[in-house]
Amino acid sequence: MSTFLVRRLLQALVLLLIVSMIGFAILHLAPGGPLSQFAAGGDMTQADLDRIAEQLGLNRPLPVQYAEWLWRMLRGDWGLSYRDHQPVLHIIASHIGATMELMLSSTLLAMLLGAWVGILGAIRRYSLFDSLATIGAMIALSIPTFWFGLVIIYVFSVGLGWLPAGNRYTIGDGSALNRIHHLIGPCIVLALVSTAVWSRYMRSSMLEVVNQDYIRTARAKGVPERQVLLRHAFRNALLPMITIAGLHVPTLLSGALVTETVFTWPGMGRLFLDSISYRDYPTVMGILMFTAILVLLGSLIADLLYGLADPRIARNG
């Protein structure tokens with residue numbers, strides 16, 4: 001198991017290095033460049049821009065800039081924001097809580113609903129419920145996240161007045177109940193696609209498991225059907241879902257970006273879009289690396305859980 005983990009960790013570090021190189025190159029080679037936001041006001045002379053470039057190290061060759069940035073990042077210095085003039089890590093830390101709150105709640109909701117729909121769909125294969133669940137999943141996967149978010153706001157916020165239209169809580173009222181009230185809308189939107197994906201995977205996994213010999217043997221021995229499904233079939237059907245959960249992190253992060261923008265949720269996604277529009281490259285690069293670390297960490301945890309669940313993976317992986 002230790003060799004398995006070391007190998008996965010080394011692969012993750014190499015991938016993280018490649019992601020940082022590609023992201024750094026794209027940001028600094030994009031039209032406009034980091035100095036464009038300083039020249040936007042029109043009152044900056046070329047001498048002023050050259051002085052800023054010298055102070056920020058932007059006049060050096062790109063490989064040198066990358067090496068210096070990487071060395072600072074490894075020491076915990078992720079740079080200063082061009083917009084807020086605060087450490088990038090401090091800015092990310094002030095927004096990560098909102099994103100994690102949204103991601104965890106939507107993931108829990110999607111896993112519960114997706115598992116329930118997938119299990120029932122597998123048990124009642126080709127029934128009316130299974131057909132409706134399949135159609136609903138296809139519709140959910142086809143609906144753009146921003147459109148569904150706008151529909152939720154228009155119907156339940158503007159029309160019925162049941163839910164807040166945005167923000168994480170009402171100013172002056174940071175109670176848990178108020179936060180949950182604001183969380184309902186974006187949580188449902190972000191969980192929509194995840195529920196569809198989880199239900200399809202769970203259905204396929206359950207259909208594969210219920211046709212195994214040990215399931216037929218358990219039924220032949222007279223084991224109650226409920227115990228066969230929950231104790232034997234469901235536990236083994238969850239094994240592929242462990243890997244899917246780790247690989248599903250990028251989808252959640254991309255969906256959170258759109259959802260947070262629609263609902264003005266003060267999380268990482270909204271911060272990322274604001275930083276791009278302002279050309280706040282240190283913050284953009286920090287968010288990119290932080291997101292990459294989360295994705296790789298999720299994959300490593302999934303590999304670890306899968307290796308513990310099935311030792312053959314650790315021996316042969």
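Fair warning: this is a prediction, and the values are worked out from it, not measured in the lab.

Looking at the overall build of the protein
Scanning the protein from N- to C-terminus turns up 14 helices and zero strands. Counted from the first residue to the last, the protein has its helices and strands arranged as α-α-α-α-α-α-α-α-α-α-α-α-α-α. The buried share of the protein, taken over its 317 residues, is 39%. Within the structure as shown, the protein displays about 17500 Å² of accessible surface, and the carbon and sulfur contribution to it stands at 67%.

So, the pattern of salt bridges
Under the counting rule described, the total for this entry stands at two salt bridges. Between Glu101 and Arg168 there is a salt bridge, with the nearest N and O atoms lying 2.7 Å from each other. One end of the pair, Glu101, is in helix α5 (residues 88–123); the other, Arg168, is in the loop between α7 (145–159) and α8 (176–210), with 67 residues separating them in the sequence. Residue Arg203 is joined to Asp130 by a salt bridge in which the shortest nitrogen-to-oxygen separation is 2.9 Å. A residue pair is termed long-range when its members are at least 10 positions apart, and Arg203 in helix α8 and Asp130 in helix α6 (residues 128–142) qualify at 73 residues. Overall, the relative accessible area of 13% leaves Arg203 in the buried class. Overall, the relative accessible area of 2% leaves Asp130 in the buried class.

Re the environment of Leu297
Tracing the backbone through its elements, the reader meets Leu297 in helix α13 (residues 281–309). Separated by 288 residues in the primary sequence, Leu297 and Leu9 have C-alpha atoms spaced 9.3 Å apart.

Brief notes about the packing of α7 against α8
In the contact formed by α7 and α8, the axes pass within 10 Å of each other and the chain directions differ by 150°. Taken as a pair, α7 and α8 cross one another with a handedness that is right-handed. Residues Thr145, Phe148, Gly149 and Ile152 of α7 form the contact with α8, whose own contacting residues are Gly185, Ile188, Val189 and Leu192.

Here's the deal with the packing of aromatic side chains
Scanning all chains against the criterion turns up five aromatic pairs. Aromatic side chains Phe24 and Tyr66 sit 5.5 Å apart centroid to centroid with 70° between the ring planes, which places their arrangement in the edge-to-face category. Of the two residues, Phe24 sits in helix α1 (residues 2–29) while Tyr66 sits in helix α4 (residues 62–74), which places them 42 residues apart along the sequence. By the ring-pair criterion, three or more aromatic residues cluster together here, those being Phe24, Tyr66 and Trp69.

Some thoughts on the side chain of Arg168
Only 2.7 Å separates the side chain of Arg168 from the side chain of Glu101, close enough to count as a polar contact. In contact with Arg168, other than residues within four places in its own chain, are Gly97, Ala98, Glu101, Arg179, His182, Trp265 and Pro266.

Here we look at the side chain of Ser157
Its place among the elements puts Ser157 in helix α7. Of the residues examined, Ser157 reaches a relative accessible area of 14% and is grouped as buried. Within the structure, Ser157 has its side chain in polar contact with the backbone oxygen of Pro164 (distance 3.1 Å). Setting aside its immediate chain neighbours within four residues, Ser157 contacts Ile152, Leu163, Pro164 and Ala165.

Points about the nonpolar core
Among the nonpolar cores identified, the biggest contains 21 residues, and Trp69, Met73, Trp78, Ile92, Met285 and Met289 are the most heavily contacted of them. Of all the secondary structure elements, the ones that give two or more residues to this core are α1, α4, α5, α12 (268–278) and α13. With six residues, the single largest contributor to this core is α13. Not counting residues up to four positions away in its chain, the partners in contact with Trp69 are Ser20, Phe24, Met285 and Met289.

What counts as what
Residues numbered from 1 in each chain as written. Predicted model: local features only at pLDDT ≥ 70, side-chain atom pairs only at ≥ 80, totals over all residues. Heavy atoms only, no water. Helix = DSSP H or I, 4+ residues; strand = E, 2+ residues; numbered from the N terminus. Buried < 20%, exposed > 50% of the residue type's maximum accessible area, 1.4 Å probe, protein only. Areas by Shrake-Rupley, 256 points an atom, 1.4 Å probe, with all protein chains shown as cover. Salt bridge = Lys/Arg side-chain N within 4 Å of Asp/Glu carboxyl O. Axes fitted to C-alpha atoms, helices over the stretch in contact; angles between N-to-C directions. Left-handed = near helix turned anticlockwise from the far one by under 90°. Contact = heavy atoms within 4.5 Å. Phe/Tyr/Trp six-rings, centres within 6.5 Å; stacked < 30°, edge-to-face > 60°. Polar contact = N/O pair within 3.5 Å; in protein donor to acceptor, adjacent residues only side chain to side chain. Core = buried A, V, L, I, M, F, W, Y, C linked by side-chain atoms within 4.5 Å.

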